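Structure assessment
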Amino acid sequence: MPGKSLPRRTLLKGIGTAIALPLLDSMIPAFTRAAVAKPPCRMAMLYVPNGIIMDEWLPQALLQAPEGVSALPSEFPRVSSVLAPFRSEMMMLGGLTQNGGRALGDGPGDHGRAGANYLTCVHPKKTNGRDLQTGISLDQVAAKRLAGKTRFASIELGCEEGVQGGSCDNGYSCAYSNSISWRTPSSPMPAEIRPRAVFERLFGAVELDPRAAKYDKSILDMVTADAQRLNTQLGGADKRKLDEYLFSIRDLEKRIASAESNSRTAPPDVPAPPAGIPADFSEHSRIMFDLMTLAFQTDSTRVATVLLALEQSPRAYPEIGIPEAHHGLTHHQGDKERIEKVTQINCFHAKQFAYLLAKLKSTPDGDGTLLDHSMITYGSGLSDGNAHDHSNLPTVLAGGGCGTLKPGRYVRYPKETPMGNLFVAMLDRMGVPVESLGDSSGELGYLSDI
Amino acid sequence: MRAVAWFLVAAPLMAQTPQEYKETLQPFLARHCVGCHNDKLRTAGLSLEAYREDAALWAKVADKIARGLMPPAGVPQPSKADASAIVSLLEKPTGDPGHITAHRLNRVEYNNTVRDLLGVSLHPADEFPLDDAGYGFDNIGDVMSVSPLLFEKYAAAARAVSRAAIYGEPVPAKPTKLIRFLGKKSQDDPTVGALDFSMRGALWATYDFPADGEYEFHMRDANYRPRVNSSPRQRELSLKRGLSEAEKAELLELNRISDPAVRMVMTLDGKQILTELVEGNIDFAYAHGESVARARVTAGEHSFRASYPEFADLPNPRTNVNPDGRRGVFIDYIDIWGPYNATSAPPRSRKSIFVCPEKTAACASKIIATLARRAYRRPVTAQEQDELVKVAALVRKNGDSFDEGIRVALQAMLMSPNFLFRAEHEVAGSGAVPVETHDLACRLSYFLWSSMPDEELMRAADAGTLQTPSVFDAQLRRMMADPKSKSLVENFVSQWLGLRLLDRKKPDPARFPLVDDELLDNMREETTLFARTVMQEDRSILDFLDGRFTFVNGPLARFYGIPGIEGEALRRVELDGEKRGGIVTQASILTLSSYATRTSPVIRGKWVLENLLGTPPPPPPPDVPALEEKNLGSAASLRERLEQHRANAACAVCHNQMDPIGFGLENYDASGAWRDRDGKFPIDSSGTLPGGTSFQGSKELKQVLRSRSDLFARNLTEKMLTYALGRGLEPYDRPAVDAILQRLGENDYKFSTLITEITQSRPFRMRRGLESARKREGESDAR
């Protein structure tokens, strides 16, 4: 009889250590708090698929807001109301567009484009797989520039296993919707969805145990030579595959070097999360947020992405009484019952985001909290999922950005302002300025000034 | 060559000359195509008004014409001769065998390869990130990438696997509780992983045992049964405190009558290791303490199951579900303790690794060379061997043991691109040249076994005789007969049919209360066994369309309405072909092509077109959301509402193909159960396809499909060739597909013919000679 198998590690870790994660809060390693005077700035980008019911997103009072800055009101509609407790810690941004998600002559496939386009701001090439082509994503631009400062240049988290199939959306490879993070225009960074694996990667990592890693350098040298030899024999696409391999070796080598030189990386005294993937979305996403917080807290990384669910997600939410697949529901075509269900899913997602904000806000960091020293975006590559609208995207920018943001406001930007402009502004605040990202046309204003 | 080719950027391959274009092609296009596909209308996003240097485009045009899909029904058709002249003009064979991009092992291949290389039972790749797939399969070299995350997992896996191979797998020092499988919260308890849920109270799983030894299975039944059928008197007595002896006896007796004793059976790898009788009881909960079974187990993965076999024959499994949703009797938990009396024999892999007994440099060299040849699946170069030996020597110099030196060298091999990638040798020559012999061995073994070549195949490759027809045929036959060939069915068929998606397509429990994880599991197994039978008995591939047999157990048989089948084990039954027969009428396929809450004739129709006939409908026109069956009011049946939709001509072109096929399957609900009505509406399962073919119900629909067995065979051939090569097909592969199809037709569409012909085909046996390959690269760089 086939059945679910459990990984061997269950044996090694033993069930006894599998304590629920909320305990993490109390287990902040003391030394990280006082270690540096000026805490670094962190960024995390959270993605929800299939758009958001916009009537339940933007506060009524802001519908007629003029271009520019308005104060966030106290009354919020249902979806954003779960974020109301953080109204002075976040901004809502209106008018941002991802033009690259649109067809631009390539026909249908808005979901396929929306995911890969979201952080890259580059219109993905329509392909069933062989020649993936989009841009380098915001997080990876930052990761590349910040590499070496922390053990992990970035972490990629998710709450839904990717889809295996040739074309997920009208000729767009599933790779486009399986990852929002792209290291190169053709190399997606897969999201880890298993909490235990994230934990072990961060804190059980081999390079932290010098005895286990005694010969790693010799091995890496040898396989690097193997790969270089192979690379000279190969051409074209084969070379690209070997280049990815070589990049990954160098990445690990850097990590080993940084573990040796960086004393802030000692693993926290925190029990490992359970081995399985919680079936309940809320539980799953919260454990991932706990881990992300822990990674920021220990300065293991400063850049994270969280793919809460995949574009065109077939996921149903029985835990809140919705047995239908999310994506199908979003094509509600005006049906009230379906709109209601999508609203509930949107609320459910936003609640998990609120959990993260509360968590970051309650985590001391230097002279303030982790939320003060972070920029967290929450949003979707579609606004109205029913109409596949790529404009006026629902976007929240939360956190203080190390004093570079003035939260508590709503900013309406001119129609069709590229989302990339926000990303350029964020990179600037991370101390890694760029001229442009994808189809950006400048740097977004009104984030800290009047 | 087919729709997938649309997305490929093929090498320049303009078979037709400008003169041919002007004299033959242009007039044809003007007469038959440009009416819709012009710059203004751009029907389906395509204009053929002006000539374009785009091989993929012309391949698609040729394909549509060849299949008779274009021009569409209802407009004047070209003569057969004209059409085929155009097709052959567009598809002049070029003899290009194509290029297979260096292909890293995917998760399944990694696990299998480690198993066959070292005999360890770890499955490290289960922890790797998901492999991206292309063209419907997860073994496409072009699509699979290496990320830092994956590389870290390679590093961790190499360490764990090399340790297990040299020193044995980690074993707890003394017997301990290794794991608890908890049935109570089986859906959502994160501490044990999500176990599958059974209304019949069963619990089943696999567990990877760390060592040879004895293990104890501690299990407990939970018993809430008296709540199911209890009488007022029973309830009264059960709520009363301080029962007299007489009342206790009375209650026990009443409980025995309302809920007769049921037998629990626990099996390990199918063999019974424990049984007990669970009776109705007084205090509702736990009649028994723990029951313990002890069994000797070899290291590695084993499956166990505890269940109440007679429940397999309950007319309605919900008999075992109380109104509050809690099950009457169920396996509360199974703990595994051990190992007791673990045998500390060296791991089996040691013998195959330490081929030389002394702890000398010469022996180290020999051991490493032998191992590396197998790990790299080809002879090792002197330089490679030298570097591996150096790594081992460094370990010794550091004062670590000889064995540790070998282990570190093995760890290095497992992280080498030579192990992780299947990068083929360049072969000198221009045009198409035969694949290097070890590469051919790998193509064969990864196609049939999803794993590395075994020693016998390696020897044929070493000897250079593998290309000899008699040797190749013998190897092929031997490999097909090997149990490892079940990988072909499991990996190919599950991806071809989309079976892996079944987990995500669970029917809504509120609307389909008879479907639980256990039944879904049975459904998946049914389709897998069916496919395996087609392979093992070398049946016609057309059996996939309408084969009159299947595999069911008691629950699935009852779900299907097949009488006379009892018990939990699936077994073969012959069918009359009326309601069931062939994969389209299997519950797995019917479920995965439905919404969770209801059927969708559109999705089912699309599934058949895409997966069986290989003629996927084009995507909906730009900026129109995929057609949804809107306004789910109750005034009209689903069918009527869809008919209304098709009044829109733009939608009708494709939905006239999809929807009727789905209508033909409307007698099956969204979980695959037979139905005559959908709510208040009687089912109308008739359909009329473009071109006027009409049918009534699934049986006649299958006759229609059977009449298009040419399309089906072509589709299956293309899919399997894609899987076998690990690359998407290109226009120049069409002659190879045509040749396979011809042989299939001559051999009654036998499954073995398909396999044999694929392995004989030009793209499988040949590669681009070095000079041609370099030339192409130069061209593509220049562009």
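1. What to know about the overall build of chain A
- Helices and strands together make up the secondary structure of chain A, namely 13 helices and 16 strands.
- The buried share among the 450 residues of chain A stands at 59%.
- Residue pairs in contact within chain A that sit at least 24 positions apart in sequence constitute 71% of those at least 6 positions apart.

2. Topic: the overall build of chain B
- Looking only at helices and strands, one finds 30 helices and 18 strands in chain B.
- Taking 2.2 N^0.38 as the reference for a compact globule, 783 residues should give roughly 28 Å; the C-alpha atoms of chain B span a radius of gyration of 30 Å, in line with that estimate.
- The burial tally for chain B puts 49% of its 783 residues in the buried class.
- Of the contacts made within chain B by residues no fewer than 6 positions apart, 72% connect residues no fewer than 24 positions apart.

3. Some words on the pairing of strand 5 (residues 262-268) of chain B
All names here are of chain B.
- The element strand 5 is largely enclosed, with a buried count of five among its seven residues.
- Here seven bridges tie strand 5 to strand 6 (residues 271-278), and the two strands are oriented antiparallel to one another. Along strand 6, the bridge assignment pairs Thr267 with Gln272.
- Between the end of strand 5 and the start of strand 6, which pair antiparallel, lie two residues, with Asp269 showing a positive phi angle near 50°.
- By the bridge criterion, four bridges tie strand 5 to strand 8 (residues 300-307) in an arrangement that is antiparallel. By the bridge assignment for strand 8, Leu268 is matched with Phe304.

4. Section: helix 5 (residues 138-146) of chain A
Residue and element names in this part refer to chain A.
- Within helix 5, seven of the nine residues are buried, which leaves the element mostly enclosed by the surrounding structure.
- Those residues of helix 5 that are buried lie in contact with strand 1 (42-47), strand 7 (182-184), strand 9 (303-307) and helix 13 (419-429).
- Of the residues flanking the end of helix 5, it is Gly148, one or two places downstream, whose phi is positive at about 100°.

5. Quick word on the domain arrangement of chain B
All names here are of chain B.
- As assigned here, chain B comprises domain 1 (3-90), domain 2 (103-168 + 354-423), domain 3 (176-340), domain 4 (427-481 + 733-783) and domain 5 (490-709).
- The straight-line distance from the C-alpha centre of domain 2 to that of domain 4 is 26 Å.
- On the side of domain 4, nine residues touch domain 2, which itself brings nine residues to the contact.
- When residues in the side of domain 2 that touches domain 4 are grouped by element, the largest group, six residues, is from helix 4 (residues 107-118).
- Partitioning the side of domain 2 that touches domain 4 into residue classes produces two nonpolar, two polar and five charged.

6. Examining the confidence of the model for chain B
All names here are of chain B.
- Per-residue confidence for chain B averages 86 on the pLDDT scale, and 90% of its residues sit at or above 70.
- Ranking the elements of chain B by mean pLDDT puts helix 6 (residues 226-229) last, at 60, and helix 14 (residues 437-448) first, at 98.
- Taken as a whole, residues 625-632 scores under 50 in pLDDT and shows 22 contacts with residues more than four places along the chain or in a different chain.
- If you check the scores for this complex, the pTM reads 0.85 and the ipTM reads 0.82.

7. Some remarks on the environment of Glu404 of chain B
- The topology assignment puts Glu404 of chain B in helix 12 (residues 402-415).
- Separated by 238 residues in the primary sequence, Glu404 of chain B and Ile166 of chain B have C-alpha atoms spaced 8.1 Å apart.

8. Brief notes about the sheet that holds strand 16 (residues 409-418) of chain A
All names here are of chain A.
- The strand order 2-16-3-15-14-1-9-4 describes an open sheet built from eight strands, whose pairing is mixed. Of all the strands in the sheet, just strand 2 (68-71) and strand 4 (155-158) have a single pairing partner and so form its edges. The average undirected angle you get between the axes of adjacent strands in this sheet is 20°.

9. Concerning the sheet that holds strand 4 (residues 213-223) of chain B
All names here are of chain B.
- Within the open sheet, the four strands sit side by side as 2-9-4-7. Their pairing is antiparallel. Looking at strand neighbours, the two that pair on one side only are strand 2 (176-182) and strand 7 (291-297), the edges of this open sheet. Each adjacent strand pair in this sheet contributes to an overall mean axis angle of 20°, direction not counted.
- With nine bridges connecting them, strand 4 and strand 9 (residues 329-340) associate as antiparallel partners. Among the inter-strand pairings, Arg220 is bridged to a residue of strand 9, identified as Tyr333.

10. Some details on unusual backbone geometry
Residue and element names in this part refer to chain B.
- Following Gly338, the chain continues into Pro339 via a peptide bond in cis, with omega recorded as -10°.
- You can see Pro339 is positioned in strand 9.
- Positioned with a positive phi, Arg42 is a non-glycine residue whose angle comes to about 45°.
- Along the chain, Arg42 turns up in the loop between helix 1 (18-32) and helix 2 (55-66).

11. Here's the deal with the nonpolar core
- If you look at the biggest cluster of nonpolar residues, it comprises 263 residues, and the most contacted ones within it are Met292 and Val306 of chain A together with Val161, Ala392, Ala409, Ala412 and Met413 of chain B.
- Examining the composition of this core, we find that twelve residues originate from one element, helix 5 (residues 148-167) of chain B, more than from any other.
- Aside from chain neighbours lying at most four places away, what touches Ala409 of chain B is Ile368, Leu388, Val391 and Ala392 of chain B.
- Counting residues in each nonpolar core, the second largest holds 34 residues, with Met219, Val262, Val297 and Val329 of chain B among its members.

12. Some remarks on the pairing of strand 3 (residues 203-209) of chain B
Residues and elements named next belong to chain B.
- Extensive coverage of strand 3 is indicated by the burial of six of its seven residues.
- As defined by bridge partners, strand 3 adjoins strand 8 across seven bridges and the pair is classed as antiparallel. Pairing of Trp204 across the sheet is with Arg305, part of strand 8.

13. Observations regarding helix 16 (residues 469-481) of chain B
All names here are of chain B.
- Across its 13 residues, helix 16 extends 18 Å between first and last C-alpha, which sits within 8% of the 18 Å expected from 1.5 Å per residue.
- Residues Phe472, Gln475 and Met479 constitute the buried set of helix 16. Take helix 16 and look down its axis: the buried residues cluster within an arc of 65°, on one side only. Away from the buried face of helix 16 by more than 90 degrees, exposed residues Pro469, Ser470, Arg477 and Ala481 are located.
- Here the buried face of helix 16 lies against helix 14 and helix 15 (455-463).

14. Observations concerning the confidence of the model for chain A
- This prediction gives chain A a mean pLDDT of 86; 87% of its residues lie at or above 70.
- Long-range and interchain partners of residues 1-36 of chain A, a stretch whose pLDDT sits below 50, account for 68 contacts in this model, where long-range means more than four residues apart.

How each quantity is defined
- Residues numbered from 1 in each chain as written.
- Chains lettered and ligands numbered in written order.
- Predicted model: local features only at pLDDT ≥ 70, side-chain atom pairs only at ≥ 80, totals over all residues.
- Helix = DSSP H or I, 4+ residues; strand = E, 2+ residues; numbered from the N terminus.
- Buried ≥ 20, exposed ≤ 12 C-beta atoms within 10 Å, placed from the backbone.
- Contact = placed C-beta atoms within 7 Å.
- Rg over C-alpha atoms; globule rule 2.2 N^0.38 Å.
- Pairing = 2+ DSSP bridges.
- Domains from an automatic or database assignment.
- Nonpolar A, V, L, I, M, F, W, Y, C, P; charged D, E, K, R; others polar.
- pLDDT = per-residue confidence, 0-100.
- Axes fitted to C-alpha atoms, helices over the stretch in contact; angles between N-to-C directions.
- Core = buried A, V, L, I, M, F, W, Y, C linked by C-beta atoms within 7 Å.
- Expected span 1.5 Å × (residues − 1).
- Arc of directions from axis to C-beta.

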